[in-house]
Amino acid sequence: MTKFREVSSEDRKNYGIILLIYIAAAVVSMFFLLPEYWYVVLAILIAGALLMTGLTTRDYGARCANCGNEFELSFTREVLAPHGGGRSGSWQYVKCPNCGKRTRALVVKKVTEDERVEGQ
Ligand SMILES: [Zn+2]
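Worth saying up front: this structure is predicted, and the values here are computed from it rather than measured.

Trainee: I'm lost on the overall build of the protein chain in this one. Help?
Mentor: Counting its secondary structure elements, the protein chain contains 4 helices and 6 strands. The secondary structure elements of the protein chain, listed N-terminal to C-terminal, are β-α-α-β-β-α-β-β-β-α. Over its C-alpha atoms, taken along the principal directions, the protein chain stretches across nearly 50 × 35 × 25 Å. Considering only contacts in the protein chain between residues 6 or more positions apart, those separated by 24 or more positions represent 56%.

Trainee: I keep staring at the pairing of strand β6 (residues 102-110) and nothing clicks. Help me out?
Mentor: In the case of a regular strand, side chains alternate between the two sheet surfaces. With 3 bridges joining them, strand β1 (residues 4-6) and β6 adopt antiparallel strand pairing. Looking at the pairing, E6 lines up with V108 of β6. Of the strand pairs in this sheet, strand β2 (residues 60-63) and β6 are connected by 4 bridges, and their pairing is antiparallel. Within β6, the position partnered with Y60 by the bridge is K109. Where strand β5 (residues 89-95) lies against β6, 5 bridges are found, and the strand directions are antiparallel. Note that in β6 the partner of Q92 across the bridge is A105. Where β5 hands over to β6, the hairpin turn is made up of 6 residues, of which G100 adopts a positive phi near 75°.

Trainee: Help me understand the nonpolar core, please; the structure alone is not making it clear to me.
Mentor: Side chains that are nonpolar tend, in soluble globular proteins, to be buried together. One finds Y60, A62, C64, W91, V94, C96, A105, L106 and V107 forming the largest nonpolar core, which totals 9 residues. Of all the elements in the fold, those that place two or more residues in this core are β2, β5 and β6. If one sorts the elements of this core by residue count, β6 sits on top with 3 residues.

Trainee: Teacher, can you tell me more about helix α1 (residues 9-33) here?
Mentor: Given 3.6 residues per helical turn, the α-helix brings residues three or four places apart onto the same face. For α1, with 25 residues, the first-to-last C-alpha span of 36 Å sits near the 36 Å given by 1.5 Å per residue. In terms of burial, α1 is a largely surface element, 0 of the 25 residues being buried.

Trainee: What am I meant to see in the environment of R63 here?
Mentor: With respect to the helices and strands, the residue R63 is situated in strand β2. In contact with R63, other than residues within four places in its own chain, are F4, G68, E70, A105, L106 and V108.

Trainee: Teacher, can you tell me more about the pairing of strand β4 (residues 83-86) here?
Mentor: Relative to β5, β4 is paired through 4 bridges, and the arrangement is antiparallel. Note that in β5 the partner of G84 across the bridge is W91. Hairpin connection between β4 and β5: a loop of 2 residues separates the two successive antiparallel strands.

Trainee: Sorry if this is basic, but what is going on with the packing of α1 against helix α2 (residues 38-59) here?
Mentor: Each pair of packed helices gets described by two things: the angle between the helix axes and the distance between those axes. The interhelical angle for the contact between α1 and α2, taken along N-to-C directions, is 175°, at an axis separation of 9 Å. The orientation of α1 with respect to α2, classified from their angle, is roughly antiparallel. Along its contact with α1, which presents I18, Y22, A25, A26, S29, M30 and L33, the element α2 presents V40, V41, I44, L45, G48, M52 and L55. Its residues assigned to classes, the contact of α1 with α2 comprises 12 nonpolar, 2 polar and no charged.

Procedures and definitions
Each chain carries its own residue numbering, running from 1 in the direction its sequence is written. In keeping with the predicted nature of the model, local features appear solely for residues at pLDDT of at least 70, side-chain atom pairs appear and are counted solely at 80 or more, and the whole-chain, interface and lining totals rest on all residues. Secondary structure elements follow DSSP: runs of H or I no shorter than four residues count as helices, runs of E no shorter than two count as strands, and numbering proceeds from the N terminus. Note on contacts: residues are paired as contacts if their backbone-placed C-beta atoms lie within 7 Å. At least two DSSP bridges between two strands are needed for those strands to be called paired. Think of a nonpolar core as buried Ala, Val, Leu, Ile, Met, Phe, Trp, Tyr and Cys residues, each tied to the set through C-beta atoms within 7 Å. Any residue whose C-beta has 12 or fewer other C-beta atoms within 10 Å is treated as exposed, any with 20 or more as buried, and any in between as partly exposed, C-beta atoms being built from the backbone. One less than the residue count of a helix, multiplied by 1.5 Å, gives the span that helix is expected to have. Lines fitted to C-alpha atoms define the axes here, with helix axes fitted over just the stretch in contact, and angles between the N-to-C directions of these axes take values from 0 to 180 degrees. For this classification, under 35 degrees means roughly parallel, over 145 means roughly antiparallel, 65 to 115 means roughly perpendicular, and everything else is oblique. Each residue gets one of three labels, nonpolar for Ala, Val, Leu, Ile, Met, Phe, Trp, Tyr, Cys and Pro, charged for Asp, Glu, Lys and Arg, and polar for the others, Gly among them.

Here it is in structure tokens:
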């Protein structure tokens, strides 16, 4: 079973770096390819957004604000669910598979195999 933990500042930093690389790649491609190759720029933007979402789906889950149940989200859920950030961390407005309530579920990080070994 997948285990989760709260998102650390290290996770935020790593995610920020990936986001920066994506934005930089987008800006550079726009600079060199627009306006003639706008479709290439569009493809890069979409591919990047899908990749970012794919990474989030793989590495993160959600913790229900009502019952505390932790669960994984599908790729489409990740794309479609409204999300935001607050002082207590990021949240996603999703339905909990345990209690069936829609809440602002706290975004939590999946515990990787490496971290499990380190923790023992
Ligand atoms: Zn719940």
